Amino acid sequence: MAGKEKKGVKLDHISKIYNDPKTGKQFYAVNDVSLEIQPGSFVTLLGPSGCGKTTTLRMIAGFESPDEGEIYLGDQAINALTPNKRDTAMVFQSYALFPHYNVYDNVAYGLKLRKVPKAEMDERIAKILELVELTGMESRMTNQLSGGQQQRVALARAMVVEPSVLLFDEPLSNLDAKLRVSMRTEIRRIQQTLGITAVYVTHDQAEAMAISDQIIIMNKGVIAQMGTPEEIYHHPNSEFVADFIGEVNFLTGEVVKVKTKSCVIRIAGHDVKVENPDGFEVGQTCKVVLRPEAGILADEGALPCKVVLSCFMGAYQNYHVMVGDTLVKLADYCPVGRKVYQVGDTAYLSFREGCVHML
Amino acid sequence: MRTKQSAALERKKFFGDPVMVVTIGLLLVLLALFILYPLAMLLVDSVHVSQNQMLTLESVLSGQAEAPYEQEGKAVSVLDKKNNPLTVSLDELDGAYGYLFAKNGRVLAEGDEIDPANTYVKVKQEYWTADAFPRIFADYTFNTAFFNTLRLGFITSFGAVVVGLLFAYVDCYVNVRSRIVKKMFDVVSTLPVVSPPFVLSLSMILLFGRGGLITRKLLGIYDSDVYGMWGIAIVQVLTFFPVCYMMLKGLLKNIDPSMEEAARNMGASRWKVFTTVTLPLMLPGLGNAFLVTFIESVADFANPMMIGGSYDTLATTIYLRITGGSYDTTGAAAMAVVLLCITLVLFLIQKYYLEAKTAATLTGKASRARALIEDRSVRIPLTTICSVISAFVILMYIAIPFGALFKLWGRDYSLSLKWFQQLFRDDGFKAFTDSFVLSLIAAPITALLSMIISYLVVKKKFRGKGFIEFVSMLAMAVPGTVLGVGFIRGFAGGVFRTGFLQGIYGTGIILVIVFVVRSLPVGTRSGISALRQIDKSIEESAYDLGAGSAKVFTSVTLPLIKDSFLSGLVTTFVRSITAISAIILLVTPRYLLITCRINEFAEKGAYGVACAYATILIAIVYAAIVLMNLVIKYFGTSKKMRVKESD
């Protein structure tokens, strides 16, 4: 908001050790995580449950203390600060609205603690409620609101205190699928309007891609990959990342020829030309990362395959084909006017140019 | 792994919150001082002897007896002619005739002949010994009381569990058609909260005693004797079974009916289902209920006092020893320790073993409502038994106001207000004001303290948390009598007999403290269970928005557990105004308490006045509960909000 300097967040070799309640052994819930979040950017921590993303977020908020490393808010080291002394505001998975307050009092809570004068407080609350489209609901109790409205109250309550960083802990997971899509657009819009730094935790990859400037994929306490949604989707650096983001097929092959910009890979006895990201040598085994929409079935091509499933899905024709021993799932979008293969047909698979990636 | 930096950070964060640090510190001190310390003193007193003893000069001189004040070499404390204590080393004994005693206690004067075997020296003796325990077990009175207590505990708990199970089973399994009967069950299950401890004993005497309405008037029995073990047992069963009923009802509700339906489906009869499915599932729960009742029975003071006759239990024996001015202070302390050990062991088994087991066997929620038993051969006998018991209990409560209204129970059953008049002509009014005011002071203190303790225990991480939880629950296992003796020992001479805080002994303050200590576990337990149901992130979000611990507690936590706070308020008030066991040992003539007055009058056989007191007491308690329900209804956390939380 106006007049306030934006701050970024820096995690410097952060680790968190927990005791496993069953075995009593210690393990790293978060292991040596370093990252820098630019002021005003929207960063998502994405990963399966138990990957350490929520723990990382809670360490930024101050609910947990890191066992190693230091967290910075702007230039300030905040390790020893309690949550109430940190300039962060969190939106919780369960919204955590105060059930004994109405909408106005919920939103006013943080402002009252900051001793904001009444007139200014009213003005700020009116403004923020307008932004989340809840004007006129000030005197409603929270249990008289729908899930989406509660979510927006939680958002307003966090934003109205103008924190340096907004933290989101899977805020949309309690909403139904449709509302989730509209709310994530909403959150993105509001964040862009205010230009506030945001850290967002989710396990929903579609949500992460739709909302973020940067995605950080975490697995077993470590960062698996960091990048823009496009980078992560098209150039995953590991099977885990490729598999976690979207549908994917892995085709194992052997590099038989390397040229300057492409190479030839032998998959199931057939040679295929693939654009070459650098670093592969002749004789090396590799994995071709093939997204379902990046494969084309035709009557001729490089890789012969057998159709084992053909299914009309509306937006696309869904195929399962066998390439050698490997099952490959394909999606042929807008199939109208093209040949539709049936189960038992033999077809040829080729890759859309520039759309496959090698590991 | 490398050093845990988080521990240091957490500590830093913890000490960055001075309000919480001070609160926890204060709590630790209070709990230690008013719960642990009195019990510790009791323990010390039972194994530590400190007394004046007359030793023969011979034994002192020959070194057979230890003389005190080692630092001055061998020396004894003796008295001079004016009875002032004087410490003199043994070397000086030769010429110091003035503080030596003859056998008959006469102080020897100069010139008297000294015969070392018949001359005595007064010595202050201090030593540690566990002698007191074998000594009290050899003591006939104590020995009898000990086994009496255990026997009574078994009979009562067994009876209470059986009756409680019967009620719970009928409530959960049998289709009770009559709404009046259902209502009656509700009344009976809430009565123990409302009832002062000895009301049932009182009406037992009125109905079945020598001049009893039923025994003498209706049945014409003139030598009926309700006093004794069976009298206590019946009264205790009726007092404690509602607790078992509530506990077992909760368990039965959690048994999935499809399990029993499966057994029925495979060909088991209803009785077979009960013995092979329902009962085994309930077993830990039954054990739990048994132990809880056992503790209550063993700790019960008022009923054995009133209706026990010559059947003494540990609680009454200790009371009589203390008030009877026994010289064997070590012995009395040892008895209290024995009583404490019994309840403590049971409490530990119950809390740490059975409670976990109960939770483990019955975790599931019933998947759907149970098809109630309609079968007449089951329904009618079970419902009848329960109705009869309920009617009996209700009858006993009705007897009390009539006891106060009849001119002379047993002789003249015409109505009059003379007992009430006598009550107020006496110092009845003062008794009510004293009890009322002291309980009223204790109530908010306890309610607030227990909410703070629950908040800290459920929502905060800090060292000493286990201690706070354990000690505040511990008071549940300490019989009132034991606590009373502990307070006498602990505070009569000030803390550690230094005179510090001696001022509170014999005042209203100590009574209020006892009220607080006695009600703390109940309030804390209800606070803890209320808080466990509140989403942790609600408090976290307040914390995150900038509120410190104290602010979070007052602005978020407390409003959310308002109901629990209010019920803690009233429960404490009710428990305090009806308390007797610990209080009766500590009360001084400056304060008249209703319960002690009732006990006094009942002892004297003045049942009319006792009933008049009890009637007004019940009325006060009932009014307090009605008021609480009204307040909760109109100002408590709204129903809608609670529904929301359980989503």
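Residues numbered from 1 in each chain as written. Chains lettered and ligands numbered in written order. Predicted model: local features only at pLDDT ≥ 70, side-chain atom pairs only at ≥ 80, totals over all residues. Heavy atoms only, no water.

We now examine the overall build of chain B. Secondary structure summary: chain B contains 27 helices and six strands in total. Here chain B holds 647 residues, and the buried ones make up 53% of them. Looking at chain B alone, contacts between residues at least 24 apart form 76% of all its contacts between residues at least 6 apart. For chain B, the exposed area adds up to about 29500 Å²; of that, 63% sits on carbon and sulfur atoms. (Helix = DSSP H or I, 4+ residues; strand = E, 2+ residues; numbered from the N terminus. Buried < 20%, exposed > 50% of the residue type's maximum accessible area, 1.4 Å probe, protein only. Contact = heavy atoms within 4.5 Å. Areas by Shrake-Rupley, 256 points an atom, 1.4 Å probe, with all protein chains shown as cover.)

Before going further, it helps to examine the pattern of salt bridges. Scanning all chains against the criterion turns up 22 salt bridges over all chains. Among the ionic pairs, Glu186(A) bridges to Arg189(A), the shortest N-O distance being 3.2 Å. With Glu186(A) and Arg189(A) both in helix 5 (residues 177-194) and three residues apart, the pair spans about one turn of that helix. By relative accessible area, which is 15% here, Glu186(A) ends up buried. Of the charged contacts in the structure, one is a salt bridge between Lys287(A) and Glu239(A), with a shortest N-O distance of 2.6 Å. Of this pair, Lys287(A) sits in strand 14 (residues 285-290) while Glu239(A) sits in helix 8 (residues 239-244); the two residues are 48 residues apart in sequence, bridging distant segments of the chain. A single salt-bridge network, built from bridges that share partners, covers Arg58(A), Glu64(A), Lys536(B) and Glu540(B). (Salt bridge = Lys/Arg side-chain N within 4 Å of Asp/Glu carboxyl O.)

For the rest of this paragraph, the subject is the confidence of the model for chain B. All names here are of chain B. When the pLDDT values of chain B are averaged, the result is 80; 83% of them are 70 or greater. The least confident element of chain B is helix 27 (residues 639-646), whose mean pLDDT is 43; the most confident is helix 5 (residues 140-173), at 91. A low-confidence stretch, residues 94-98 stays under pLDDT 50, and its non-local contacts, those more than four residues away or across chains, total 10 contacts. Note that pLDDT drops below 50 for residues 642-647; the model gives that stretch seven contacts with residues more than four away or on any other chain. (pLDDT = per-residue confidence, 0-100.)

This paragraph deals with the packing of helix 5 of chain B against helix 11 (residues 270-299) of chain B. All names here are of chain B. The interhelical angle for the contact between helix 5 and helix 11, taken along N-to-C directions, is 135°, at an axis separation of 8 Å. Judged by the angle between their axes, helix 5 and helix 11 are oblique. Along this stretch, helix 5 crosses helix 11, giving a crossing that reads as right-handed. Taken together, the residues of the contact of helix 5 with helix 11 sort by class into 17 nonpolar, seven polar and no charged. (Axes fitted to C-alpha atoms, helices over the stretch in contact; angles between N-to-C directions. Parallel < 35°, antiparallel > 145°, perpendicular 65-115°, else oblique. Left-handed = near helix turned anticlockwise from the far one by under 90°. Nonpolar A, V, L, I, M, F, W, Y, C, P; charged D, E, K, R; others polar.)

This next bit is on the packing of aromatic side chains. All names here are of chain B. Tallied over the entire structure, the rule returns 34 aromatic pairs over all chains. For the ring pair Phe146 and Phe147, a centre distance of 5.1 Å and an interplane angle of 85° mean the geometry is edge-to-face. The exposure class assigned to Phe146 is buried, which follows from its relative accessible area of 13%. Aromatic pair Tyr455 and Phe553: ring centres 5.1 Å apart, planes at 55°, arrangement tilted. Here the residue Tyr455 occupies a position in helix 17 (residues 428-459), and Phe553 occupies one in helix 22 (residues 549-560), the gap between them amounting to 98 residues. A relative accessible area of 5% means that Tyr455 is categorised as buried. The exposure class of Phe553 is buried, given its relative accessible area of 8%. Across the ring face of Tyr543, the terminal group of Lys460 is positioned such that the distance to the ring centre comes to 4.9 Å. (Phe/Tyr/Trp six-rings, centres within 6.5 Å; stacked < 30°, edge-to-face > 60°. Lys NZ or Arg CZ within 6 Å of the ring centre and 35° of its normal.)

Turning our eyes to something else, we now look at helix 20 (residues 508-532) of chain B. Residues and elements named next belong to chain B. When the terminal C-alpha atoms of helix 20 are compared, their 35 Å separation across 25 residues agrees well with the 36 Å that a helix rising 1.5 Å per residue should span. At Ser519, helix 20 shows its maximal kink, close to 40°; a proline, Pro521, follows between one and four residues later. The N-terminus of helix 20 is capped by Thr507, whose side-chain oxygen sits 3.2 Å from the backbone nitrogen of Ile509. (Expected span 1.5 Å × (residues − 1). Bend = angle between axes of the 7 residues up to and from the residue. Polar contact = N/O pair within 3.5 Å; in protein donor to acceptor, adjacent residues only side chain to side chain.)

Residue and element names in this part refer to chain A. Strand order in the open sheet formed by five strands is 15-19-16-17-18, and the pairing between neighbours is antiparallel. Both edges of this open sheet fall to strand 15 (295-298) and strand 18 (326-333), since each of them pairs with a single strand only. Adjacent strand axes in the sheet meet at a mean angle of 45° when their direction is disregarded. Both strand 17 (residues 316-323) and strand 18 contribute to a ladder of eight bridges, which runs antiparallel. The partner of Val321 across the bridge, within strand 18, is Val328. (Pairing = 2+ DSSP bridges.)

What follows deals with the domain arrangement of chain A. All names here are of chain A. If you check the domain split of chain A, you get domain 1 (9-243) and domain 2 (247-358). Across the boundary between the two partners, domain 1 contributes eight residues, which contact seven residues of domain 2. Buried surface at the junction of domain 1 and domain 2, summed over both partners, amounts to about 740 Å²; 46% is from carbon and sulfur atoms. Together, Tyr233, Glu239 and Ala242 form the three largest contributors to the area buried by domain 1 at its contact with domain 2, with a combined 62%. (Domains from an automatic or database assignment. Buried area = accessible area lost by both parts, 1.4 Å probe.)

Let us look at the environment of Leu279(B). Residue and element names in this part refer to chain B. In this fold, Leu279 is placed in helix 11. Between the alpha carbons of Leu279 and Leu252 there is a distance of 9.8 Å; along the sequence they are 27 residues apart. Not counting residues within four places of it along the chain, the set of residues in contact with Leu279 comprises Leu165, Phe274 and Leu286.

Residues and elements named next belong to chain A. Spatial strand order, 2-1-4-5: four strands in an open sheet with antiparallel pairing. The open sheet has two edge strands with one neighbour each: strand 2 (26-37) and strand 5 (76-77). Examined bridge by bridge, strand 4 (residues 68-73) and strand 5 share two bridges and lie antiparallel to one another. Residue pairing in the sheet places Tyr72 in a bridge with Ala77 of strand 5. Against the sheet, helix 1 (residues 53-61) touches strand 1 (9-19), strand 2 and strand 4, its axis set at about 115° to strand 1.

Residue and element names in this part refer to chain A. Located in the positive-phi region is Ala96, a residue other than glycine, with phi close to 55°. Ala96 gets classed as buried once you look at its relative accessible area, which sits at 2%. In this structure, Glu133 is a non-glycine residue whose phi angle is positive, near 60°. Mapped onto the elements of the fold, Glu133 is located in the loop between helix 3 (118-131) and helix 4 (147-159).

Contacts between the two partners involve 44 residues from chain A, matched on the other side by 35 residues from chain B. Regarding the contact of chain A and chain B, the summed buried area is about 3300 Å², with carbon and sulfur atoms giving 55% of it. Linking chain A with chain B are one salt bridge. The salt bridge partner of Glu540(B) is Arg58(A), with a shortest N-O separation of 2.6 Å. In this assembly, chain A and chain B are joined by 14 residue pairs in polar contact (both at pLDDT 80 or more). Elements with a minimum of two residues in the side of chain A that touches chain B: strand 1, strand 2, helix 1, strand 4, strand 6 (88-91), helix 2 (103-113) and helix 4 of chain A. By residue class, the composition of the side of chain A that touches chain B is 21 nonpolar, 14 polar and nine charged.

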